[in-house]
Amino acid sequence: MAYPRTQKLFSKLLHGADYNYEQWLDSPDILADDFRLMRLAHCNVMSVGIFSWALLEPQNGHFDFGWLDQLMDQLAENNISAALATPSAAPPAWLSHAYPETRRVNVQKIRQPHQRRQNFCYTSPIYRDKVATINRALAERYHNHPALLLWHVSNEYGSSACHCDLCYAAFHRWLEARYGDLDSLNRAWWSTFWSHRYTSWEQIEPIDPSMQALMLDWQRFISDQALDFFLAEANALRQIAPEIPLTTNFMQPDVGLDYWRFAEYVDVIAWDSYPRWHQDDDAITGMRTAFYHDLHRSYKHGQPFLLIESTPSVTNWQGVSRLKKPGMHKLASLQAVAHGSNGVQYFQWRQSRGGEEKFHGAVVTHLNSENTRVFRDVSEVGSILEKLSDITPTSISAPIAIMYDFENEWAIQYAQLSGSVHKNYQETCRRHYGAFWRHGLGIDVINARTDLTPYRVVVAPMLYSLSLESAARIEEFVRGGGIFVTTYLSGLVNESDLCYLNGYPPTLRRTLGIYSEELDSLTDQQQGSIIACAGNSLGLQGSYQFHHYAELIHTESAQVLASYNSDFYAGYPALTVNAHGSGQAYFISPRTEDRFLQDVYSSILNRAGLHNPLIKALPVGVSAQIRSDQDRRYLFLLNFSDQPQQVELTADLHDALTAAPTGRMITLLPYGSSILTTNADST
Ligand code: GLA
Ligand code: ZN
């Protein structure tokens, strides 16, 4: 696949870190040694300038680029590229004091003092203007610099709300654009409830959780406003340096931004991953991290992404953060590559001496030496990535998609329903994902707007909020031969949180061949059971437990494959399948134990003939991923358990790093990883 602006970026696997050079300007000996250490660690990129506004513009309108010139030149001399940041994430104190309107206002209408970072109002014209000025200056100065590889726009945009007058006015304009007039808004929001009808836009204040539709639109607005701010920032870079690719670093998805919209405007997806290894079952943490990597690859429909931040050691803000056991750093780094990252970068290169993050892990610690376990781990990863550069054009083919939709997540969060304490939407999506991950297949993580036609199986748990357009897309997918699975708490409301009458939207009701009547919710102490029907088409046997939610449904055209086996609803359908067009649509009524999901999805995969062609079977805790192009296939085997594990292959492969033949039985050390390769046409 060709992505013109990212061709140079993807010519090798990137390895590097956030480099806060500006913190060490009075220690030239340290700075000089950094470049020696970077070469030793096989680093080829550094993210620079992220929090440097106070040095770049020490006084309003007075710029000092001297130190950054020196840094960029030194990077180029050492053959290291720069992911050059715009500094908007942390305005200098003089700016916040000179222009109070740039500081956020909290929900009590109190303007916040200058503190921490990411503390500014997305709407403030003055802030946007100041950012545009410095971004333009950076772009003009460095767009032809040989070190410049990538724009790192700002840092981790968030969705903290600002309740200033400027933001409210912008929100009212946003609502006007969405609804046209107040009558339509009042209808969409069902605002006659509790006498909330609005008679002017100015009366609308996004502070009322009892108005779910209002809060949902406020969340959408904040996300759109962050995107609008990002686009304003990126504008100067695009104009002056159109050939330089541009990214911004995303976080885990549940931060209240619709990253799918951002994805349309960045050239490459980049994200910051901080898993909590060695705290719970590492196989679960591995699965969770895989889910996030797959989501980030899916944002741009399979294009390689960048793991742009990860810790080489501990993470200081997590309360508890364990040291990585031997093998873990390489395993976590290769996991990102296995799922489509074209690089591994760290926060941060060198530990700061002071400030909030002085005890965060770094490649070079306060010991100031290369003779550390962490430095050796990092260098090993660097040397592996250097040898794997042929992998950059490969991609992951994903026949399965898990639908995890952010707007749906926001709607679920605001909904007051029975069992509210147990919603756990993202976790539920991950549990369904986990049942597929165990098979070593490519999985995309998509949203409700994604085109479903590339997939064989689409699973959409708890799709509470469903637009008529998405429901129609699902019907079309199933009619065309797709396998669709959904669960309790799906298809209940439209995008304004208005409940559908007469059961589901008609398209969904036809597709599933059922309608839903009631929802039971259970306490943490309670469980129920379901039992497989004799001779069911998935070959399920025996009974399974469920907890939290049990929806009571009736079949219309669907077949029952399992029924409730407890409570007054024993005998009601617990798992159904409906043949629709040339596809099938399954419905799972209760929240079941994982074993049920594993059995159901194994059977669905078997029947659809979907399996990893290079492996016989995977032990629990071991994951397999294939990256391939027309010439080669790379098989990553990743052991997230603390025991040695064996994996039997279906073909004779080679070690991707040494080219040695591997035989058919691969032994992985505890937390071990292996990269194997084969021609694309073997097996
Ligand atoms: C985030 C930020 C970094 C740093 C790290 C620490 O990802 O982008 O600046 O604070 O967290 O984990
Ligand atoms: Zn504001």
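**Student:** For the site of ligand 1, give the residues involved together with the corresponding values.
**Tutor:** Surveying the vicinity of ligand 1 reveals the residues F51, R117, N155, E156, N249, D272, Y274, E309, W317, F347, E357 and H360. In the environment of ligand 1, an oxygen atom lies 2.7 Å from a nitrogen or oxygen atom belonging to the side chain of H360. With the chains in place, 97% of the 310 Å² that ligand 1 exposes on its own is no longer accessible. Looking at the shell around ligand 1, its residues break down into 4 nonpolar, 3 polar and 5 charged.

**Student:** Could you give me a rundown of the coordination of the zinc ion (ligand 2), with the residues and numbers involved?
**Tutor:** On the protein side, the zinc ion (ligand 2) has C121 (SG), C162 (SG), C164 (SG) and C167 (SG) as donor atoms, found 2.3 Å from it. Its 4 donor atoms give the zinc ion (ligand 2) angles of 98 to 117° at the centre, a pattern that matches the tetrahedral case.

**Student:** So what's going on with the sheet that holds strand β2 (residues 45-48)? Residues and values would help.
**Tutor:** Ordered in space as β5-β4-β3-β2-β1-β9-β8-β7-β6, the 9 strands form an open sheet in which the pairing is parallel. Edge positions in the open sheet fall to β5 (246-247) and β6 (249-250), since each of these has one partner strand only. Sheet topology places strand β7 (residues 270-272) next to strand β8 (residues 305-309); 3 bridges connect them, and they run parallel. Along β8, the bridge assignment pairs W271 with L307. Along the sheet, helix α12 (residues 373-387) contacts β1 (14-19) and β9 (341-346); its crossing angle with β1, the most-contacted strand, is approximately 140°.

**Student:** Tell me about the domain arrangement of the protein chain, and name the residues and values.
**Tutor:** We note that the domain assignment places domain 1 (14-158 + 227-386), domain 2 (400-608) and domain 3 (622-679) within the protein chain. Relative placement of domain 1 and domain 3: their C-alpha centres are 31 Å apart. At the junction of the two partners, domain 1 supplies 20 residues and domain 3 supplies 12 residues. For the pair domain 1 and domain 3, the summed buried surface comes to about 1300 Å²; carbon and sulfur atoms form 67% of the total. The largest contributions to the domain 1 side of the interface with domain 3 come from L331, L334 and A338, which together make up 40% of the buried area. Joining domain 1 to domain 3, the criterion identifies 4 residue pairs in polar contact (both at pLDDT 80 or more). Contributing elements (two or more residues each) for the side of domain 1 that touches domain 3: α10 (282-299), α11 (328-338) and β9. Residues belonging to the side of domain 1 that touches domain 3 are distributed by class as follows: 9 nonpolar, 8 polar and 3 charged.

**Student:** I'd like a description of the sheet that holds strand β24 (residues 654-655), backed by residues and values.
**Tutor:** Taking strand neighbours across the sheet as the criterion, the 4 strands line up as β21-β22-β26-β24 in an open arrangement whose pairing is antiparallel. At either end of the open sheet lies a strand with only one pairing partner, and these are β21 (622-628) and β24. Where β21 lies against strand β22 (residues 632-639), 7 bridges are found, and the strand directions are antiparallel. The residue of β22 that forms the bridge with S628 is R633.

**Student:** Explain the nonpolar core residue by residue, including any values.
**Tutor:** As a rule of thumb, nonpolar side chains are buried together in soluble globular proteins. Grouped together as the largest cluster of nonpolar side chains are 151 residues, with contacts concentrated most on Y19, M46, W151, W349, L575 and Y601. Take this core: its biggest share by element is 8 residues, from helix α8 (residues 212-240). With 23 residues, the next largest nonpolar core counts A448, L452, L463 and F484 among its residues.

**Student:** Outline the environment of R510, listing residues and values.
**Tutor:** Inspection of the secondary structure assignment puts R510 in helix α16 (residues 506-512). When its relative accessible area of 41% is taken as the criterion, R510 is described as partly exposed. Sequence separation of R510 and S496 is 14 residues, and the distance between their C-alpha atoms is 23 Å. Other than its neighbours up to four places away in sequence, R510 contacts E475, R479, N578 and H580.

**Student:** Outline the packing of aromatic side chains, supporting the account with residue identities and numerical values.
**Tutor:** Scanning the entire structure with this criterion turns up 47 aromatic pairs. Seen from their ring centres, F230 and F262 are 5.7 Å apart, and the 40° between their planes marks the pair as tilted. Here F262 lies in helix α9 (residues 259-263) and F230 lies in helix α8, a separation of 32 residues in the sequence. The residues F230 and F262 share a single accessibility class, namely buried. Aromatic pair Y274 and W317: ring centres 5.7 Å apart, planes at 70°, arrangement edge-to-face. In this pair, Y274 sits in the loop between β7 and α10 while W317 sits in the loop between β8 and α11, placing the two residues 43 residues apart along the sequence. Here K109 stacks its cationic end above the ring of Y168, 4.1 Å away from the centre of that ring. Positioned above the aromatic ring of W24 is the side chain of R350, whose terminal nitrogen or guanidinium carbon lies 5.6 Å from the ring centre.

Scoring rules and cut-offs
- Residues numbered from 1 in each chain as written.
- Chains lettered and ligands numbered in written order.
- Predicted model: local features only at pLDDT ≥ 70, side-chain atom pairs only at ≥ 80, totals over all residues.
- Heavy atoms only, no water.
- Near = heavy atom within 4 Å.
- Polar contact = N/O pair within 3.5 Å; in protein donor to acceptor, adjacent residues only side chain to side chain.
- Areas by Shrake-Rupley, 256 points an atom, 1.4 Å probe, with all protein chains shown as cover.
- Nonpolar A, V, L, I, M, F, W, Y, C, P; charged D, E, K, R; others polar.
- Donors = N, O, S within 2.8 Å, 3.2 Å for Na, K, Ca; no water.
- Tetrahedral: all angles 85-135°; square planar, octahedral: opposite > 155°, others 65-115°.
- Pairing = 2+ DSSP bridges.
- Helix = DSSP H or I, 4+ residues; strand = E, 2+ residues; numbered from the N terminus.
- Contact = heavy atoms within 4.5 Å.
- Axes fitted to C-alpha atoms, helices over the stretch in contact; angles between N-to-C directions.
- Domains from an automatic or database assignment.
- Buried area = accessible area lost by both parts, 1.4 Å probe.
- Core = buried A, V, L, I, M, F, W, Y, C linked by side-chain atoms within 4.5 Å.
- Buried < 20%, exposed > 50% of the residue type's maximum accessible area, 1.4 Å probe, protein only.
- Phe/Tyr/Trp six-rings, centres within 6.5 Å; stacked < 30°, edge-to-face > 60°.
- Lys NZ or Arg CZ within 6 Å of the ring centre and 35° of its normal.

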